[in-house]
Amino acid sequence: MKRRFALKAACAAIAASGLMSLPALAADTIKVGILHSLSGTMAISETVLKDVALMTIDQINAKGGVLGKKLEPVVVDPASNWPLFAEKAKQLISQDKVAVVFGCWTSVSRKSVLPVFEEANGLLFYPVQYEGEELSKNVFYTGAAPNQQAIPAVEYLMSKDGGSARRFVLLGTDYVYPRTTNKILRSFLHSKGITDADIMEEYTPFGHSDYQTIIAKIKKFASEGKKTAVVSTINGDSNVPFYKELGNQGLKATDVPVVAFSVGEEELRGVDTKPLVGHLAAWNYFESIKNPTNAAFIKQWTEYSIKKGIPGHKDKPLTNDPMEATYIGIHMWAQAVEKAKSTDPDKVIAAMAGQTFAAPGGFTSTMDAKNHHLHKPVFIGEIKSDGQFNVVWKTPGPVKAQPWSPFIPENKGKKDEPEKK
Amino acid sequence: MLPRTLLRIACALLLGSAGTACFALTAPQALAIASGDSDQRIAALNASVARGDDRLAVFVQALLDDEVKVAGDKVLIVHDGKTSDAATGAQAALPEGADDVTNNNRMRGALEAALAGLRVFSADAAVRAAAVAELAKASLDESQLPLIEKAFAAEANPGLKSQLERMRATILISSSDRTKRLAAAAELAGSNQGAVASLLQERLGAGGEADVEVRAALQQALGSVRARLAWGERLAVVFTGISLGSVLVLVALGLAITYGLMGVINMAHGELMMIGAYTTYVVQNLFRSYLPGLFDSYVLAAIPAAFLVSAGVGALLERGVIRFLYGRPLETLLATWGISLVLQQAVRSLFGAQNVPVENPSWLSGGVAVMSNLVLPYNRIAIIAFALIVLGGVALLIARTRFGLFIRGVTQNRRMASCVGVDTARIDMLAFSFGAGIAGLGGVALSQIGNVGPDLGQSYIVDSFLVVVLGGVGQLAGTVVAGLGLGVLNKLLEGVAGAVLAKIAVLVFIVIFIQKKPSGLFAMKGRSAEA
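Since we're looking at a predicted model, the values are computed, not measured. The written sequence of each chain sets the order in which its residues are numbered from 1. Whichever chain is written first becomes A and whichever ligand is written first becomes 1, with later ones labelled in order. Only residues with pLDDT of at least 70 are given local features in this predicted model, and only at 80 or more are side-chain atom pairs given and counted; all residues enter the totals for whole chains, interfaces and linings.

**Section: the overall build of chain A**
Point 1. Broken down by element type, chain A carries eleven helices and 15 strands.
Point 2. When we talk radius of gyration, it's over C-alpha atoms, and the globule rule is simply 2.2 Å times the number of residues to the 0.38. Whereas a compact globule of 421 residues would reach a radius of gyration of roughly 22 Å, chain A reaches 22 Å, a difference of no more than 12%.
Point 3. Counting only C-alpha atoms, chain A reaches 75 × 60 × 40 Å along its principal axes.
Point 4. Residue burial is a threshold on neighbouring C-beta atoms within 10 Å of the residue's own C-beta, all placed from the backbone, with 20 or more meaning buried, 12 or fewer meaning exposed, and counts in between meaning partly exposed. With 421 residues in all, chain A has 55% of them scored as buried.
Point 5. Residues are defined as contacting one another if the C-beta atoms placed from their backbone atoms lie within 7 Å. Considering only contacts within chain A whose residues lie at least 6 apart along the sequence, 70% involve residues at least 24 apart. Working definition: helices are DSSP H or I runs of at least four residues, strands are E runs of at least two. Numbering for both runs from the N terminus.

Here's what the structure looks like:
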């Protein structure tokens, strides 16, 4: 009885999978790889990027695909395991023969796949803000470089409206992105006449959950001199206990404002934001930005997440900056393929230069002609009591990225374009 | 700083015309406060405070609560779904497309100071206390002296009076009169505010105090303020240490039973905590949907629910897997590790890979300010108390009840217990599921301070084993001492060396300790220890 049922089920499954794969084989498709962690510690942030990528691919397919062919997504799970990222990337390029890969979140995963893409002459679109100091011919960076996020945020804190801060706590998770960003910021602050005595640098391990001591230290530091602000590069789910502790200890934004570079709508999902009103975040996109493109983007995402039953989002759909960057990246790649009339990486790379796209952020994002980074606007938002952000400052227009920060002395004379191989 | 001009105007008003003429807040004035750039808005706010417009307090409060909208040239307050005109207070309709008024931190600071200036003469002592606390944050100068003196003279409450006196001293410390400065320095020596310490330091710095005698007085005052602040800092370290320790005790307590007493190397212990935390999440959602009025008490309902669910899963595990593996630690380790992966994936399939939001009930949010630089958060206090209660319950159950006697009997000498008629299989199951239930309680506590996600257990499993092994396997007292000890040690080191180094130092310490004393702090003695 049982066995018979199992057999029947197996037959059905084989038949179904056979049927499913047939049309895919028959029709001529372009394969695109999606390389985001769907399990492990980064799943919290990356899973939604996979979903937004699938949504964008559906959207392009609904309009007829690219070069008259449908896009066929190939989703793999590198499981927050950095060496596995390289293996999965290799598999995508050599076995699945994808035309392009959208993926990675942490800088360490990007560094892990970089040699694979350079060796095989593949194409990677990286959608997250990062520390710069890298420029590869095979990568397009659709997130922010430090001058498109960190530097404007600190400038705002030093301005009158930002609270005229003259002392800074640089607080981060202990890995390459926060350390490099803080190195750049320290040198930037020196250039503004702020001495080392007025800068405190603190790091916590990944997944740190007890921020009592850190908050006490910040309070002590703030009581020892002029107006103090905190610059947080804490990454991942550590942010939730950090902000909870901040609220419970009564450190208000009017006393010591905290500006964060890795905290968006998604990270605040599980936090009671009422005590956090006024703390800041700097991004190139906020869900609360009001314009027709963004309204359409949010509507599209809401409908998609309800239709697909995406956990969390089906009840409370949220969009954030890396989602927008993924969305822009895929559309730009599709445009470049249309322009190049080919998916050959070299032709697409040439066609990417100068591509434009009307981004949900409300500006037209342009791919720089040379340096593989987007020209993006910078927004600074204050946390509202409903967990959204209230934009209090923005650049007049898109800003060109400086992947080689001028605040790191060794960068002097480095070319603002990838080395030709 | 910011509110300086504002306060100056406020005090002029309150001294000159307090309680006499009141002007109505007009619509254009309200509009000027609600829109434009920060400089202009603050100027408009100052002007309105100076005129003493009535309804200003209501309007400022509404601005601070983000309840103000602008539609064309009308300023509206939307409170509890009712719309009223900001200037007149009359009922009004909310037009389509009204824009929210947004305030940045600077604007919010100015609004708070305006409110404090208006409220420092309130008849309600609590309102006055809040206003004084707000004023203490602003940096004051001589022009605000009359306001403070008037408030000081009118104040009857001795606590508030001394606060105002000290506030007056922070102004007089930079007075041109040397005797006033000396008196102010003496007065400030009694302060416990961090802001006063930085003010004194500033006066002692370049371009500050020149007079030798006053400098000495300042130095002395700074010393005594610092000493008082240092107490707050020391107490904070102790409190955070105990708080971390209580979390460690809670997460290790269940393991102290399943591993300590029963000898099962339970790698799925962390996942049992995770199940407890997810149960809390589910109970929270049920309360939100069906009993929104009682939402704040969902945690109390989650405690028994988490215990039962985790205990149930524990019983299933014991019956289904672990009972076949008693006495084979390696296989148990592998099997329970496999189970932990299965449980994680099951939760991921049910709830998604994302962390789920567990809100603190309002009585667990915020904290009590014991000293100016020492705030004890309610959720931490609650967890310390909860750990004590659970610990007491477990200790009583193991030491005083028949069930506890059976557990001790079976774990110490299984055959003999069986011979005298104890159903050892049943006791095994009950003991294991009891330990699992305690892990579930740990999960409830963790859900209030950290993230609830599928890999919640992973981050605590190592800590729990460390605590149990360090304390001595099979000893509840050892678990308690080790948990609290590790907590305090970790926090002491964190203060000196930072979080990353502290974690490493604690691990090194444990490795060395276990090398020297392999059986932990409290070694089991007697024949049963060798069995």
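From this point, the discussion proceeds with the structure in view.
**As for the environment of A:Tyr156**
All names here are of chain A.
Point 1. One can find Tyr156 in helix α5 (residues 150-158).
Point 2. Sequence separation between Tyr156 and Glu72 is 84 residues; the distance between their C-alpha atoms is 44 Å.
Point 3. Not counting residues within four places of it along the chain, the set of residues in contact with Tyr156 comprises Gly162, Ile380 and Trp393.

**Thoughts on the sheet that holds strand β12 (residues 364-367) of chain A**
Adjacent strands of a sheet form backbone hydrogen bonds with each other and so pair up, either parallel or antiparallel.
All names here are of chain A.
Point 1. Pairing is antiparallel in the open sheet, where three strands are placed in the order β11-β12-β13. Of all strands in the sheet, those bounded by a partner on one side alone are β11 (356-358) and β13 (374-375).
Point 2. At least two DSSP bridges between two strands are required for those strands to pair. Pairing between β12 and β13: two bridges, direction antiparallel. By the bridge assignment for β13, Thr366 is matched with His375.

**Here we look at unusual backbone geometry**
Residues and elements named next belong to chain A.
Point 1. Although it is not a glycine, Cys104 adopts a positive phi angle of roughly 75°.
Point 2. Tracing the sequence through the fold places Cys104 in the loop between β3 (100-103) and α4 (107-120).
Point 3. Given 30 C-beta atoms within 10 Å, Cys104 falls into the buried group.
Point 4. Of note, the phi angle at Glu133 is positive, near 60°, even though the residue is not glycine.

**Here's the deal with the interface of chain A and chain B**
Point 1. Listed as interface residues are 50 residues of chain A and, on the opposing side, 49 residues of chain B.
Point 2. Among the secondary structure elements, those contributing two or more residues to the side of chain A that touches chain B are α2 (43-62), β7 (199-204), α7 (212-222), α8 (239-248) and β15 (389-394) of chain A.
Point 3. Residue polarity is assigned by list, with Asp, Glu, Lys and Arg as charged and Ala, Val, Leu, Ile, Met, Phe, Trp, Tyr, Cys and Pro as nonpolar; anything else, Gly included, falls into the polar class. Broken down by class, the residue content of the side of chain A that touches chain B amounts to 13 nonpolar, 22 polar and 15 charged.

**So, the pairing of strand β10 (residues 280-283) of chain A**
All names here are of chain A.
Point 1. Both faces of β10 are covered, namely the face carrying Leu280 and Ala282 and the face carrying Ala281 and Trp283.
Point 2. Bridge analysis of strand β9 (residues 258-260) against β10 gives two bridges, and the strand direction is parallel. Looking at β10, one finds that Ala260 is bridged to Ala281.
Point 3. The sheet contact formed by β10 and strand β14 (residues 379-383) spans four bridges and is antiparallel. Within the sheet, the bridge partner assigned to Trp283 lies in β14 and is Phe379.

**Things to note about the nonpolar core**
Point 1. What we call a nonpolar core is a set of buried Ala, Val, Leu, Ile, Met, Phe, Trp, Tyr and Cys residues whose membership is set by joining through C-beta atoms within 7 Å. Residues B:Leu250, B:Ala252, B:Leu253, B:Met273, B:Ala277 and B:Leu441 are the most contacted members of the largest nonpolar core, which totals 78 residues.
Point 2. In terms of residue count, helix α11 (residues 212-261) of chain B provides more of this core than any other element does, 13 residues in total.

**Some words on helix α19 (residues 458-471) of chain B**
Residues and elements named next belong to chain B.
Point 1. Compared with the 20 Å implied by 1.5 Å per residue over 14 residues, the 21 Å span of α19 between its first and last C-alpha is a close match.
Point 2. The element α19 is largely enclosed, with a buried count of ten among its 14 residues.
Point 3. Along α19, the residues that are buried comprise Ser459, Tyr460, Ile461, Asp463, Ser464, Val467, Val468, Val469, Leu470 and Gly471.
Point 4. Buried residues belonging to α19 abut α11, α12 (269-290), α20 (476-497) and α21 (499-516). Multiplying one less than the number of residues by 1.5 Å gives the expected span of a helix.

**What to know about the sheet that holds β3(A)**
Residue and element names in this part refer to chain A.
Point 1. As summarised here, the arrangement of the five strands in space is β2-β1-β3-β4-β5, forming an open sheet in which the pairing is parallel. Only two strands of the sheet have a single neighbouring strand rather than two, namely β2 (70-76) and β5 (139-141). Within this sheet the neighbouring strands show an average axis-to-axis angle of 25°, counted without direction.
Point 2. Relative to β5, strand β4 (residues 124-126) runs parallel, the two being bridged by three bridges. Bridging from a neighbouring strand, Leu124 pairs with Val139 of β5. In this analysis an axis means a line fitted to C-alpha atoms, helices contributing only their contacting stretch, and an angle means the value between N-to-C directions, from 0 to 180 degrees.

**Quick look at the environment of A:Val399**
All names here are of chain A.
Point 1. When you line up the elements, Val399 lands in the segment after β15.
Point 2. Judged by the 20 C-beta atoms lying within 10 Å of it, Val399 is buried.
Point 3. As for Val399 and Ala144, which are separated by 255 residues in sequence, their C-alpha atoms are 9.8 Å apart.
Point 4. Among all residues touching Val399, those that are not within four sequence positions of it are Asn147, Gln148, His375, Lys376, Pro377 and Val378.

**Topic: the packing of helix α9 (residues 178-188) of chain B against α11(B)**
Angle between the axes and distance between the axes: these two values describe a pair of packed helices.
Residue and element names in this part refer to chain B.
Point 1. At a closest axis distance of 8 Å, the pairing of α9 and α11 adopts a crossing angle of 15°. Taken together, the axes of α9 and α11 are roughly parallel relative to one another. Considering how the two elements wind past one another, α9 and α11 form a crossing that is left-handed. When α9 is examined against α11, the residues Arg178, Arg181, Leu182, Ala185, Ala186 and Leu188 are found in contact with a partner set consisting of Glu213, Val214, Ala217, Leu218 and Ala221.
Point 2. Here the residues of the contact of α9 with α11 are counted per class, giving eight nonpolar, no polar and three charged. In this scheme, roughly parallel covers angles under 35 degrees and roughly antiparallel covers those over 145, while 65 to 115 is roughly perpendicular and the rest are oblique. By convention the crossing between two helices is left-handed if the near helix lies anticlockwise of the far one by an angle smaller than a right angle, and right-handed if it lies clockwise.

**A look at the confidence of the model for chain B**
Residue and element names in this part refer to chain B.
Point 1. Per-residue pLDDT for chain B has a mean of 83; in total, 91% of the residues score no lower than 70.
Point 2. Along the chain, pLDDT gives the predictor's confidence residue by residue, from 0 to 100. In the model, residues 11-21 has pLDDT below 50 throughout and makes 13 contacts with residues more than four positions away in sequence or in other chains.
Point 3. The ipTM assigned to the predicted complex is 0.77, against a pTM of 0.81.

**Looking at the pairing of β7(A)**
Residues and elements named next belong to chain A.
Point 1. One ladder, built from six bridges, connects strand β6 (residues 167-173) with β7; its direction is parallel. For Thr173, the partnering residue across the bridge sits in β7 and is Thr204.
Point 2. Where the polypeptide runs from β6 across helix α6 (residues 176-191) and back to β7, its parallel neighbour, the crossover connection is right-handed. Crossover handedness is defined by viewing with both strands directed away from the observer: a clockwise path from the first strand over the helix to the second marks the crossover as right-handed.

**A short note on the packing of α12(B) against helix α13 (residues 298-320) of chain B**
All names here are of chain B.
Point 1. The geometry of α12 relative to α13 is characterised by a closest axis approach of 8 Å and an angle of 140° between their N-to-C directions. Taken together, α12 and α13 sit at an angle that is classed as oblique. The hand of the α12/α13 crossing is right-handed. Across the interface between the two elements, Leu272, Ile275, Gly276, Thr279, Thr280, Val283, Gln284 and Phe287 of α12 pack against Tyr298, Ala301, Ala302, Ala305, Ala306, Val309, Ser310, Val313 and Gly314 of α13.
Point 2. Residue composition of the contact of α12 with α13, by class: eleven nonpolar, six polar and no charged.

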